[in-house]
Amino acid sequence: MFTIYNAGDISIDPRKVDLEITFIGNSNNLKIINHTNDTVWQYNGSTTKSDKIVIKGIESFKNNTSIFSQTNKKLITLVKGNNDIEIQGATDFTISFDFKFYYL
């Protein structure tokens, strides 16, 4: 488990603001869980060490091909402050979260 910090005043909801999550590595039934707000994204497939999954806004891609139909059709959102993230079903991987801080 690791923590992603949102220093902004508002939650990051990919239906409203930009959020891009990039995963590269081995996985089987990959699951990204934000324990802070109980949001879960899952891919019901597998990847190898060279495969790249990108969750951009509400869309999900594996190697630039849509995999939306193979997901649980849910989104990861980030609350303001700390977000405790867990990755399940993956080994030997990197993951990045790209988003801006938004202030009221």
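Cut-offs applied
- Residues numbered from 1 in each chain as written.
- Predicted model: local features only at pLDDT ≥ 70, side-chain atom pairs only at ≥ 80, totals over all residues.
- Heavy atoms only, no water.
- Helix = DSSP H or I, 4+ residues; strand = E, 2+ residues; numbered from the N terminus.
- Rg over C-alpha atoms; globule rule 2.2 N^0.38 Å.
- Buried < 20%, exposed > 50% of the residue type's maximum accessible area, 1.4 Å probe, protein only.
- Areas by Shrake-Rupley, 256 points an atom, 1.4 Å probe, with all protein chains shown as cover.
- Lys, Arg positive; Asp, Glu negative; His and termini not counted.
- Charge placed at Lys NZ, Arg CZ, Asp CG, Glu CD.
- Polar contact = N/O pair within 3.5 Å; in protein donor to acceptor, adjacent residues only side chain to side chain.
- Contact = heavy atoms within 4.5 Å.
- Pairing = 2+ DSSP bridges.
- Core = buried A, V, L, I, M, F, W, Y, C linked by side-chain atoms within 4.5 Å.

(A) Summary view of the overall build of the protein chain. Looking only at helices and strands, the protein chain has zero helices and eight strands in total. For the protein chain, the α and β elements follow one another from N to C terminus as β-β-β-β-β-β-β-β. Taken over C-alpha atoms, the radius of gyration comes to 13 Å for the protein chain, in line with the 13 Å a tight globule of 104 residues would show. Dimensions of the protein chain along its principal axes, counting C-alpha atoms only, are 40 × 25 × 20 Å. Across the 104 residues that make up the protein chain, the buried fraction comes to 40%. On the protein chain, roughly 5,900 Å² of surface is accessible, and the fraction owed to carbon and sulfur atoms is 48%. Distance between charge centres in the protein chain, computed from 11 positive and 11 negative side chains, equals 5 Å.

(B) Region of interest: the side chain of Asn83. Within the secondary structure, Asn83 is located in strand S8 (residues 81–99). Looking at Asn83, its side chain comes within polar contact range of the side chain of Asn34, at 2.9 Å. A distance of 3.1 Å separates the side chain of Asn83 from the backbone oxygen of Gly81, its partner in a polar contact. Contacts of Asn83, omitting those with residues within four sequence positions, involve Phe2, Thr3, Ile4, Asn6, Asn34, Thr36, Thr77 and Leu78.

(C) The pairing of strand S3 (residues 39–42), seen in detail. Pairing between strand S2 (residues 19–34) and S3: four bridges, direction antiparallel. Bridge pairing in S3 links Asn34 to Thr39. Hairpin connection of S2 to S3: four residues between the antiparallel strands, including Asp38 at a positive phi of 60 degrees.

(D) Structural detail: the nonpolar core. Core analysis: the largest hydrophobic core is formed by 20 residues, its most contacted members being Leu30, Ile32, Trp41, Ile53, Leu78 and Phe97. Mapped onto this core, the elements with two or more residues apiece are S2, strand S5 (52–56) and S8. The residues contacting Ile32, other than those within four sequence positions of it, are Ile21, Thr39, Val40, Trp41, Ile55, Ile76, Ile85, Glu86, Ile87, Ile95 and Phe97.

(E) Quick look at unusual backbone geometry. The phi angle at Asn29 is positive, at roughly 55 degrees, despite the residue not being glycine. Take Asn29: it is sitting in strand S2. Of note, Asn63 is a non-glycine position whose phi angle comes to about 50 degrees, a positive value. Mapped onto the elements of the fold, Asn63 is located in the loop between strand S6 (59–62) and strand S7 (65–66). Asn63 gets classed as partly exposed once you look at its relative accessible area, which sits at 38%.

(F) Broad picture of the environment of Pro14. Assignment of secondary structure puts Pro14 in the loop between strand S1 (2–6) and S2. Classification of Pro14 as buried rests on a relative accessible area of 9%. Distance from Pro14 to Gly57, taken between C-alpha atoms, is 4.5 Å for residues 43 residues apart in sequence. Sequence-distant contacts of Pro14, that is, excluding residues within four places in its chain, are made with Leu19, Gly57, Ile58, Leu75, Ile76 and Thr77.

Function-wise, these values are silent; they only describe arrangement.
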